[in-house]
Amino acid sequence: MTTFSLDPRRTALVLIDLMPRIIALDTAPLKGTEVLARCAALAKATRSVGGLVVNVRVERPGVDYQPEGSGFAPEVAPQPGDLEIVKNTLGAFGRSTLDAELQRRDINTLALAGIATNFGVESTARAADDLGYETVYLIDAMTGLDEESHNFALSKVFPRLGTLCTGTEYIAALSD
């Protein structure tokens, strides 16, 4: 079990691409609906201690309309006080206001979750590291487009960038 503490006022839970059309993809090792349920519970816990929830979704640039299912899943729809980021790149930082919004709120730690581990989550993680954020990876609240790629990110990439933990460990760290 990973033991650490987080300051809820300086921590943001970043939920990546929890949109119906992405949740419905064939993912592994977890189904998108499992990740969605876990992320909804983590968002509720984060809000309960005064932490920031960042809801990130992707929009395709240069098109007249977005595909059906491009909004947030109702279970993780932004609540008052949450930050909503619309991205046009793989990661949440590219061509968005995320870094400026986090700095304005004095956030120094990001807890990352969502779909897909080896695309949006990993791209966001790498940019967060480049920008100097401490990062926490909620390993039971993310899934990949295939299990091998998901496991590679968890075993080779994320340990070099930050702390891996379960949702239970994250909630405990926020409460310390």
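Just above sits the structure.
Source: prediction; values computed, not measured.

*Asks:* Please clarify how the sheet that holds strand β2 (residues 52–58) should be interpreted in this entry.
*Replies:* Strand pairing within a sheet occurs via backbone hydrogen bonds; the two strands may be parallel or antiparallel. If you trace the six strands from one edge of the open sheet to the other, you get β3-β2-β1-β4-β5-β6, paired in parallel fashion. Single-partner strands in this sheet number two, and they are β3 (83–87) and β6 (163–165). Averaged over all neighbouring strand pairs, the angle between strand axes comes to 25°, with direction disregarded. Packing against the sheet, helix α2 (residues 32–48) makes contact with β1 (11–16), β2, β4 (109–115) and β5 (134–143), and its axis sits at approximately 140° to β5. Sitting on the sheet, helix α4 (residues 117–130) is in contact with β1, β3, β4 and β5, with an inclination near 165° to β4.

*Asks:* Before we go on, may I ask you to explain unusual backbone geometry in this structure?
*Replies:* Most peptide bonds take the trans configuration, and most residues that are not glycine carry a negative phi. For the peptide bond that leads from alanine 28 to proline 29, omega is 10°, which places it in the cis range. Inspection of the secondary structure assignment puts proline 29 in the loop between α1 (20–23) and α2. Of note in the backbone geometry, arginine 95 takes a positive phi value of approximately 50° without being a glycine. Mapping arginine 95 onto the fold places it in the loop between β3 and α3 (98–104). Positive phi values are uncommon outside glycine, yet aspartate 106 reaches one of about 60°.

*Asks:* Would you explain the nonpolar core in this entry?
*Replies:* What tends to happen in soluble globular proteins is that the nonpolar side chains get buried as a cluster. Of all hydrophobic cores here, the largest spans 29 residues; its most connected members are Leu13, Leu15, Leu18, Leu138 and Tyr170. Among the elements of the structure, β1, α1, α2, β2, β4, β5 and α6 (167–175) are those that each provide at least two residues to this core. The element that contributes the greatest number of residues to this core is α2, accounting for five residues. By size, the runner-up hydrophobic cluster in this structure holds 26 residues, among which are Ala92, Leu112, Met142 and Leu154.

*Asks:* Please clarify how the packing of α4 against helix α5 (residues 147–161) should be interpreted in this entry.
*Replies:* How two helices pack is summed up by the angle between their axes together with the distance between the axes. Relative to each other, α4 and α5 sit at 10°, their axes nearing to 11 Å. Comparing their axes, α5 and α4 come out roughly parallel. Every residue of α5 that contacts α4 at Thr117, Asn118, Val121, Glu122, Ala125, Arg126 and Asp129 is listed here: Ser149, His150, Ala153, Leu154, Val157, Phe158 and Leu161. Tallied by class, residues from the contact of α4 with α5 come to seven nonpolar, four polar and three charged.

*Asks:* Would you mind showing me how to read the packing of α2 against α6 here?
*Replies:* It is the contact of α2 with α6, at a shortest axis distance of 10 Å, that shows an interaxial angle of 5°. Classified by the interaxial angle, the pair formed by α2 and α6 is roughly parallel. Between α2 and α6, the residues in contact are Leu42, Ala45 and Thr46 and Gly167, Tyr170, Ile171 and Leu174, respectively. Counted by class, the contact of α2 with α6 contains five nonpolar, two polar and no charged residues.

*Asks:* How should I be thinking about the layout of surface pockets in this particular structure?
*Replies:* Take a probe with the size of a water molecule and roll it over the atoms, and the empty space left behind shows itself. In this structure, the largest pocket occupies an estimated 180 Å³ of space. Around the largest pocket sit 13 residues that line it, and Asp17, Ile22, Leu90, Phe119 and Gly120 are the ones nearest its centre. Counted by class, the lining of the largest pocket contains eight nonpolar, three polar and two charged residues.

*Asks:* What is the right way to read the environment of arginine 38 from this model?
*Replies:* On the secondary structure map, arginine 38 appears in helix α2. Given the relative accessible area of 34%, arginine 38 is considered partly exposed. Separated by 81 residues in sequence, arginine 38 and phenylalanine 119 have C-alpha atoms that sit 19 Å apart. Residues contacting arginine 38, with those up to four places away along its chain left out, are Leu30, Asp140 and Ala141.

Definitions and limits used
Residues numbered from 1 in each chain as written. Predicted model: local features only at pLDDT ≥ 70, side-chain atom pairs only at ≥ 80, totals over all residues. Heavy atoms only, no water. Pairing = 2+ DSSP bridges. Helix = DSSP H or I, 4+ residues; strand = E, 2+ residues; numbered from the N terminus. Axes fitted to C-alpha atoms, helices over the stretch in contact; angles between N-to-C directions. Contact = heavy atoms within 4.5 Å. Core = buried A, V, L, I, M, F, W, Y, C linked by side-chain atoms within 4.5 Å. Buried < 20%, exposed > 50% of the residue type's maximum accessible area, 1.4 Å probe, protein only. Parallel < 35°, antiparallel > 145°, perpendicular 65-115°, else oblique. Nonpolar A, V, L, I, M, F, W, Y, C, P; charged D, E, K, R; others polar. 1 Å grid on protein atoms, 1.4 Å probe; cavity = no way out; pocket = protein on both sides within 12 Å on 5 of 7 lines; lining within 4 Å. Points joined across faces, edges and corners; volume = space filled by probe spheres on them.

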